[in-house]
Amino acid sequence: MNPTRKRRLIIVVMVLIAAAVAGGLTVFALQQNMNYLFTPSQVQEGQARSYKTFRLGGMVKEGSIQRSSDSLKVTFTVVDADGAMPVEYTGILPDLFRDNQSVITTGHMEDGHFVATEVLAKHDETYMPKELKDAMAKAHKGRKVAETGDQPPAATKP
Amino acid sequence: MSSWIPLWLHKLGSPPTFYRFAGKLRPWMLALAIVLGLVALYGGLVLAPPDYQQGDDYRIIFVHVPSAWMGLFIYGVMAVSAFIALVWRIKLAEVVAMESAPIGAAFTLITLVTGSLWGVRMWGTWWTWDARLTSELVLLFLYLGVIGLYHAFEDRRQGARAAAFLALIGIINVPIVHFSVNWWNTLHQGSTVRLFGPSTMTDSMIWPLLTMMVATKCYYVFSLCSRVRADLLALEGGKDWVRQIAAGESAR
Amino acid sequence: MNQFLAMGGYAVYVWPAYAVFLVVLLADALAPVLRRRRVLRELRGRLARQAARQQRHADTPTDA
C-alpha cells in the first residue's frame, strides 16, 4: 500500500473511531434514557419488574413528607396522574425538595414500597421573582373560585 | 459557479485582504463584547431579583445559557466552513473551521462546569447521564476530536480535511442537544428562551440573559479574528505580505 | 455588599461559575496573541538567516 493511501486509511479509521465513540456515548445515554424513569403507575403495572435498580419519577404528594426526628430518614409519596408509590430515603435532600415538586429517585422495590438511594429534584424552566409568583398564585386561586362558583370561606353566617 | 459570488466576498477570501479586514474588526468586537458583557453582568448579578424557587443560585444562568448557546452556534459555523472547505477547497474556510473549534470547546467546557455547579444544589447532583447532559459532553468530545485530528497530521491541509469530515459528521449532535429535553425524559428542564411563543422568564431576568448572548457572540467574532490572523501568518509565511508584517513589527 | 457576595448562601457555587467563565475566555483570548508573537519571531529568525546566507554568497563571487 503506498504511503498516501495508507495515510488516508489512517484518517478514515480515526474519523470512524471518533464518530463511533460519539455515537456510542449517545446510544448509551439513550439506553439509560429509554428507561430514564418509570412513573408510579408504570411501576404498579409491573413495567419495572425486570430491573433490580431503576428510577422512579413523579411529583411529591402534598403533605406526604414525614421526616424522622432522630435520623436523616424521610418517607414521602411520589404520585403521577394515575398512581402513587411510597418512598423511603435516608440522606440529604436537594434544596428544591418539597410538596408538589417533581422528583427523580433511584433505588429498588422492597415489600411494596420504594427504597431510594438517591433523590433528585427537577425544576421547570420558569424564572420569576417571589412577588410575581405570589401574585400569580393569588390570581389563580381567585379564578378557580370564580369558575367553580364556590363561595370563599369568609361566607355570611346564617 | 463563482459568478454568483459578489466581488467583495471573493476578495475577502484572499488571505492578506481578510487579515487586514479582521484586524480592523477585532478591536470593535472586543469593545462591544466587554461593554455588553459588563452591562449584562450588572443586570444579572445586581438588578435582577432572586428567583422564587432557586433564590440567587439561578444567577449562574447568565453565564451558563449563553455559553451553551455559543457551543452550538459555533459548531454550526464550524460545520458550514468545513463543508465549504471540503467542497471548494478554499483555504480561508479551512482556517475559519479549524480556528472555531477551540473557541467552541471553551464555551462547551464552561457550559458543563457551570451546569454542574448549578445542579449540585438545585438537582442534588453534579452529573447524570440524561440526554441533555450526555449529548453536551459528546459535543465537547467532538470539538476535541476536531482539534486533535487537525494537529495529528504533518501536512496541515490534510489535517484540516480530516478534521472537517469529523466536524460534518458530528453536526447531527447539534439538534440532538437542543431537542433532547423535548424528545426524552430528562432531568434537565426544557427551554426557557423560546424563538416562537412567550419565554418563561420575567423581563428583568431576560434582558441580561439576551444581552450576554449578544456579548458572547461579539467575543466569538473577536477571538476568531485573532486566531485566523495568527493562523494566516503561519500558513502564508513565505509570502511577501507576511514578510512585510514581520519586518514592520521588528522595526518597532 | 456582604449580602451581594453571599448570593443568598450560594456564593460557593455562583462565584466559581463566573470565575470559570472569565478565566476560560481569558485563556482563549490570550492563546492567539502568544501564537502570533511566536510565529513572527520564528519568521524573522528565518528571514535573518536567509539574508545572512545571501550576504555571504554575494561576498564570495562565483567565477563565470
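Conventions adopted
- Residues numbered from 1 in each chain as written.
- Chains lettered and ligands numbered in written order.
- Predicted model: local features only at pLDDT ≥ 70, side-chain atom pairs only at ≥ 80, totals over all residues.
- Heavy atoms only, no water.
- Contact = heavy atoms within 4.5 Å.
- Buried area = accessible area lost by both parts, 1.4 Å probe.
- Salt bridge = Lys/Arg side-chain N within 4 Å of Asp/Glu carboxyl O.
- Polar contact = N/O pair within 3.5 Å; in protein donor to acceptor, adjacent residues only side chain to side chain.
- Helix = DSSP H or I, 4+ residues; strand = E, 2+ residues; numbered from the N terminus.
- Nonpolar A, V, L, I, M, F, W, Y, C, P; charged D, E, K, R; others polar.
- Patch = residues over 30% accessible without salt bridge, like charges linked within 9 Å, V, L, I, M, F, W, Y side chains within 5 Å.
- Areas by Shrake-Rupley, 256 points an atom, 1.4 Å probe, with all protein chains shown as cover.
- Lys, Arg positive; Asp, Glu negative; His and termini not counted.
- Charge placed at Lys NZ, Arg CZ, Asp CG, Glu CD.
- Buried < 20%, exposed > 50% of the residue type's maximum accessible area, 1.4 Å probe, protein only.
- Phe/Tyr/Trp six-rings, centres within 6.5 Å; stacked < 30°, edge-to-face > 60°.
- Lys NZ or Arg CZ within 6 Å of the ring centre and 35° of its normal.
- Expected span 1.5 Å × (residues − 1).
- Axes fitted to C-alpha atoms, helices over the stretch in contact; angles between N-to-C directions.
- Parallel < 35°, antiparallel > 145°, perpendicular 65-115°, else oblique.

### A word on the interface of chain B and chain A
Okay, step 1: With 44 residues of chain B at the contact, the number on the chain A side is 38 residues.
Okay, step 2: Here chain B meets chain A over a buried area of about 3,700 Å², counting both sides, of which 64% is carbon and sulfur.
Okay, step 3: When the area that chain B buries against chain A is broken down by residue, the three leading residues are Tyr 52, Gln 53 and Trp 129 of chain B, summing to 19%.
Okay, step 4: In this structure, the connection of chain B to chain A is made through 1 salt bridge.
Okay, step 5: Its salt-bridge partner being Asp 95 of chain A, residue Arg 121 of chain B comes within 3.0 Å of it at the nearest N-O pair.
Okay, step 6: For the pair chain B and chain A, the interface holds 13 residue pairs in polar contact (both at pLDDT 80 or more).
Okay, step 7: Broken down by secondary-structure element, the contributors of at least two residues to the side of chain B that touches chain A are α4 (91-122), α5 (131-151) and α6 (156-169) of chain B.
Okay, step 8: At 6 residues, α5 of chain B tops the list of elements feeding residues into the side of chain B that touches chain A.
Okay, step 9: Each residue belonging to the side of chain B that touches chain A can be placed in one class, and the counts come to 24 nonpolar, 16 polar and 4 charged.

### Some details on a positive patch on the surface
Okay, step 1: Together, Arg 243 of chain B together with Arg 46, Arg 49, Arg 53 and Arg 56 of chain C give the surface a local cluster of positive charge.
Okay, step 2: Residue contributions to the positive patch peak at 4 residues, all from helix α2 (residues 11-59) of chain C.
Okay, step 3: Here Arg 56 of chain C lies in helix α2.
Okay, step 4: Judged by its relative accessible area of 52%, Arg 56 of chain C falls in the exposed class.

### Let's talk about the packing of aromatic side chains
Each aromatic ring pair is described using two quantities: the centre-to-centre distance and the angle formed by the ring planes.
Okay, step 1: Per the stated rule, a full pass over the model turns up 17 aromatic pairs over all chains.
Okay, step 2: Summarising the aromatic geometry, the rings of Tyr 58 of chain B and Phe 62 of chain B are spaced 5.9 Å apart at their centres and angled 65° between planes, so their arrangement reads as edge-to-face.
Okay, step 3: On the accessibility criterion, Phe 62 of chain B (1% relative accessible area) is buried.
Okay, step 4: Taken together, a centroid distance of 6.3 Å and an interplanar angle of 80° make the contact between Phe 107 of chain B and Tyr 219 of chain B edge-to-face. Remark: Tyr 219 of chain B occurs in helix α8 (residues 203-235) and Phe 107 of chain B occurs in helix α4; sequence separation between them is 112 residues.
Okay, step 5: Three or more aromatic residues joined by ring pairs form one cluster here, namely Phe 38, Tyr 51, Phe 54 and Phe 114 of chain A.
Okay, step 6: The ring of Tyr 150 of chain B carries Arg 156 of chain B above its face, with NZ or CZ at 4.9 Å from the centroid.

### Some thoughts on the environment of Trp 69 of chain B
All names here are of chain B.
Okay, step 1: On the secondary structure map, Trp 69 appears in helix α3 (residues 61-88).
Okay, step 2: Relative accessible area serves as the criterion here: at 36%, Trp 69 is assigned to the partly exposed category.
Okay, step 3: Those residues in contact with Trp 69, other than ones at most four positions away along the chain, are Met 213 and Lys 217.

### A short note on α3 of chain B
Okay, step 1: With 28 residues, α3 of chain B ought to run about 40 Å at 1.5 Å a step, and its terminal C-alpha atoms sit 40 Å apart, in line with that.
Okay, step 2: Downstream of α3 of chain B by a residue or two, Arg 89 of chain B has a phi angle that is positive, lying close to 55°.

### Considering the packing of α4 of chain B against α2 of chain C
Okay, step 1: Taken N-terminus to C-terminus, the directions of α4 of chain B and α2 of chain C make an angle of 170°; their axes are 9 Å apart at the nearest point. The angle between α4 of chain B and α2 of chain C falls in the class roughly antiparallel. Across the interface between the two elements, Glu 99, Pro 102, Ile 103, Ala 106, Phe 107, Ile 110, Val 113, Thr 114, Leu 117, Val 120 and Arg 121 of chain B of α4 of chain B pack against Val 12, Tyr 13, Pro 16, Ala 17, Val 20, Phe 21, Val 24, Leu 25, Asp 28 and Arg 35 of chain C of α2 of chain C.
Okay, step 2: Among the residues making up the contact of α4 of chain B with α2 of chain C, the classes are represented as 16 nonpolar, 1 polar and 4 charged.

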